[in-house]
Amino acid sequence: MLKVFRRIRHRGVKLHRLNMILMILAIVSSIAMIVVMGFTISINDESYDTTTKLAQWRSNAYNLQIASDYLTEKIRSFVTTGEKKYLDEYFNEAKVTKRRDHAIEALEKDLPGTAAITSIKDAMNESVALMNDEYYAARLTVDAYDSNLSSYPVEIQKAKLTDADSKLPSSEKRELAITTVFGSKYQKDKETISSHMDKCLKDLSDYIDQQHDEISKKLRSQVFTEHFLTAFIIIYLLTIVFVTLRLLVSPLKNAVTLIRDEKDLPMKGAFEVRFLAKTYNLMHRTNMKNREKLTYEANHDELTGLYNRRGYDFLLENVDLETCALIIIDLDRFKQINDSYGHDTGDKILKEVATEVFGSFRAQDYICRIGGDELAVIMVHSDPTMEPLLRKKVELMNATLAALNEKDESLPPISISVGVAFGDKDITVETLFKHADEALYSVKEKGRSGVAFYKNNHSSSHSPHSQK
């Protein structure tokens, strides 16, 4: 493992492999988040279902109590009034509607074997047992009113009165029937049913609380997992940003600056970036060697030591015209100087001007002598924002050249006129030279000793010093 890390540190991480790893992590984390969110939704649905069922379970439990109370109400109404309709309603509930039975069936379906089922079944058993007393009271009532027994349900017909009760007069039978369904024993049995129902409801609440506790534990676990995955994804995204900046963006941004300065690129960043840097460095060094192969005699001016016309043509054909500026420099009234002071003085002045121009520009710029009294500067990595700088350079050069006359009275006054044109997209060498020459011409027309910049077929010039 240590060997692998050393190799990665030396050669860099391969972007396609890193991208594959990051893609796999993104897919895995996304799937994990989707799965966890699905579980969270299911737990939420489970909680909702449990809460909904609780209401339904309580409603079912209450139905048994309601049905039991309904039966009590109807039997009491029958024994009090003797009207058969109440007994019919009683048996309709017991045999047709059967709310008690349906309530138990519904609860047993959802909660088999729970304490709540046991309690509600106990309540049902008590209610069924109580019905025997209700049948007895109904039979007493039927006999008391001398009604036709065969017209009543079989449960009433089968209810046999004791010998003592059968011999009672009608009034006492009615009284005994009323006592049976209103008496303390009956009321106690009803309370027993109610106590079983209360216990059933409590058991339901306890069961629901238990379910809610389990759901809460699951939900807390899911929330923790979601938070963990969210934190992981945030860290993952930040890691992608950091890795992209460290392995790709930063090395490329640094490379732009170094390429502008024509320097070698450092072997930093991803494997692919390092490969490009290595390839560029090789090409750059080869280019530098090829540049050096231009022999001094073949490509440099013997008098000034600057590039000659051949070197100028070669350089201008091989630079990036879009990002460079062509500066043409002309010595003012040079022919008059040669005629008046001689060629030796003219050569001396040329050397002074060449030295001053060479010292005024950057090492990566190319200074050329392209004619007898005409120099050219190919200023690489330049744009119109450098206008103020070039104006200042020309001003300082003219000031220095003017001071030569004060130091050496044998020299005539010296000044230069300068035309500048900046390259742009798809420009040709001929067009660039033409623009710079037009800018130079505008300086000559305005009195020389200044600088002008070509702009949209018009030259913006620096106010030249008049030549007397």
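Above this text you will find the structure in question.
Here the residue numbering is sequential within each chain, running from 1 through the sequence in written order. Thresholds applied to this predicted model are a pLDDT of at least 70 for local features of residues and 80 or more for the giving and counting of side-chain atom pairs; totals over whole chains, interfaces and linings are not thresholded and use all residues. Hydrogens and water molecules were not included; the side-chain quantities draw on all heavy atoms of the structure.

Q: Mind laying out the overall build of the protein, listing which residues take part and the relevant values?
A: A run of H or I in DSSP becomes a helix once it reaches four residues, and a run of E becomes a strand once it reaches two; helices and strands are each numbered from the N terminus. Helices and strands together make up the secondary structure of the protein, namely 16 helices and six strands. The size measure is the radius of gyration over C-alpha atoms, and the globule rule it meets is 2.2 Å times the number of residues to the 0.38 power. What you see for the protein is a C-alpha radius of gyration of 55 Å, clearly larger than the 23 Å of a compact globule of 468 residues, by over 25%. Seen through its principal axes, the protein has C-alpha atoms that stretch 170 × 55 × 35 Å. A simple rule labels every residue: compare its accessible area, found with a 1.4 Å probe on the protein chains alone, to the largest value its type can have, and call it buried under 20%, exposed over 50%, or partly exposed in between. By the burial criterion, 40% of the 468 residues in the protein qualify as buried. Considering only residue pairs separated by 6 or more positions, the protein has 67% of its internal contacts joining residues 24 or more positions apart. Using the Shrake-Rupley algorithm and a 1.4 Å probe, accessible areas are obtained, with residue cover drawn only from the displayed protein chains. Carbon and sulfur atoms make up 56% of the accessible area of the protein, which totals about 27100 Å². A gap of 5 Å separates the mean positions of the 63 positive and 67 negative side-chain charges of the protein. Residue contacts are defined here by distance: any two heavy atoms, one from each residue, within 4.5 Å place the two residues in contact. Counting rule applied: Lys, Arg positive; Asp, Glu negative; His and chain ends not counted. For charged residues, the charge sits on one atom: NZ in Lys, CZ in Arg, CG in Asp, CD in Glu.

Q: How would you sum up the pattern of salt bridges? Please name residues and give values.
A: Salt-bridge detection follows one rule: a side-chain nitrogen of Lys or Arg within 4 Å of a carboxyl oxygen of Asp or Glu. Within this structure, the stated rule accounts for 20 salt bridges. Notably, a salt bridge pairs R99 with E93, separated by 3.2 Å at the nearest N-O pair. Note on E93: relative accessible area 4%, which makes it buried. As a salt-bridge pair, K185 and D189 come within 3.3 Å of each other at their nearest N and O atoms. You can see K185 and its partner D189 sitting in helix α9 (residues 184-260), four residues apart, about one turn around the helix. For K185, a relative accessible area of 53% translates into the label exposed. For D189, a relative accessible area of 18% puts it in the buried group. Members of the salt-bridge network, linked through shared partners, are D133, K185 and D189.

Q: So what about a nonpolar patch on the surface? Which residues, and what values?
A: What makes a patch is a set of residues exposed beyond 30% relative accessible area and free of salt bridges, joined within 9 Å when like-charged and within 5 Å when nonpolar (Val, Leu, Ile, Met, Phe, Trp, Tyr). A grouping of M20, M23, I24, I27, V28, I31, V35 and F39 is seen on the molecular surface, where their side chains present a nonpolar patch of about 760 Å² in accessible area. Its place among the elements puts V28 in helix α2 (residues 15-81).

Q: Which residues make up the packing of helix α5 (residues 115-144) against helix α8 (residues 170-182), and what are the values?
A: Between α5 and α8, whose axes approach to 8 Å, the crossing angle comes to 160°. Looking at the two axes, α5 sits roughly antiparallel to α8. Considering how the two elements wind past one another, α5 and α8 form a crossing that is left-handed. Residue-level inspection shows D133, A137, L140, T141, D143 and A144 of α5 in contact with α8, the latter providing S170, K173, R174, L176, A177, T180 and V181. Ten residues, namely Ala, Val, Leu, Ile, Met, Phe, Trp, Tyr, Cys and Pro, are considered nonpolar, four, namely Asp, Glu, Lys and Arg, are considered charged, and the remaining ones, Gly among them, are considered polar. Partitioning the contact of α5 with α8 into residue classes produces six nonpolar, three polar and four charged. Between the N-to-C directions of two axes lies an angle of 0 to 180 degrees, each axis being a line fitted to C-alpha atoms and, for a helix, fitted only over the stretch in contact. Reported orientations rely on four angle classes, namely roughly parallel under 35 degrees, roughly antiparallel over 145, roughly perpendicular from 65 to 115, and oblique for the rest. Take the far helix as the reference: if the near one is turned anticlockwise from it by less than a right angle, the crossing is left-handed, and if turned clockwise, right-handed.

Q: For the side chain of S77, give the residues involved together with the corresponding values.
A: Among the structural elements, S77 can be located in helix α2. Those residues within four positions of S77 in sequence are excluded, and the remaining contacts are G82 and Y86.

Q: Now, about the environment of E406: what can you tell me, with residues and values included?
A: Inspection of the secondary structure assignment puts E406 in helix α15 (residues 387-407). Residues E406 and K84 lie 322 residues apart in sequence; the distance between their C-alpha atoms is 146 Å.

Q: Explain unusual backbone geometry to me, using residue names and the numbers behind them.
A: Its identity is not glycine, yet K98 carries a phi of approximately 50°, on the positive side. Along the chain, K98 falls in the loop between α3 (84-97) and α4 (99-110). Overall, the relative accessible area of 32% leaves K98 in the partly exposed class.

Q: Give me the lowdown on a negative patch on the surface, citing residues and values where you can.
A: There is a patch of like negative charges on the surface, built from D320, E322, D424 and D426. If you trace the backbone, D424 turns up in the loop between β4 (416-422) and α16 (429-445).

Q: Residue-level account of the packing of aromatic side chains, with values.
A: Think of it this way: a Phe, Tyr or Trp ring, Trp meaning its six-membered ring, pairs with another when their centres are within 6.5 Å, and the plane angle makes it stacked under 30 degrees, edge-to-face over 60, tilted otherwise. Counted according to the given criterion, the structure contains six aromatic pairs. Ring geometry for Y307 and Y366: centres 6.1 Å apart, planes at 70°, overall edge-to-face. Taken as a pair, Y307 in the loop between α11 (296-299) and α12 (309-318) and Y366 in strand β2 (residues 366-369) lie far apart in primary sequence, 59 residues in all. Accessibility expressed as a relative area gives 15% for Y307, which makes it buried. Through a chain of ring-to-ring contacts, three or more aromatic side chains come together here, namely Y90, F91 and Y135. The positively charged end of R76 is found above the aromatic ring belonging to F182, 4.5 Å away from the centroid. Note that R174 overlies the ring of Y145, its terminal NZ or CZ placed 5.2 Å from the centroid. We call a charge positioned over a ring when the NZ of a Lys or the CZ of an Arg lies within 6 Å of the ring centre and within 35 degrees of the ring normal.

Q: Run through α16, naming residues and quoting values.
A: Taking 1.5 Å of rise per residue, 17 residues should cover 24 Å, and α16 covers 24 Å from first to last C-alpha, within 8% of that figure. Among the residues of α16, V429, L432, H435, A436, A439, L440, S442 and V443 are the ones counted as buried. Axial view of α16: buried residues confined to an arc of 160°, hence all on one face. Relative to its buried face, α16 has exposed residues pointing more than 90 degrees away, namely E430, K434, Y441 and E445. Backbone geometry just after α16 places G447 at a positive phi near 110°. By this rule, a helix spans an expected 1.5 Å times one less than how many residues it contains. Read the arc as the range of directions from the helix axis to the C-beta atoms.

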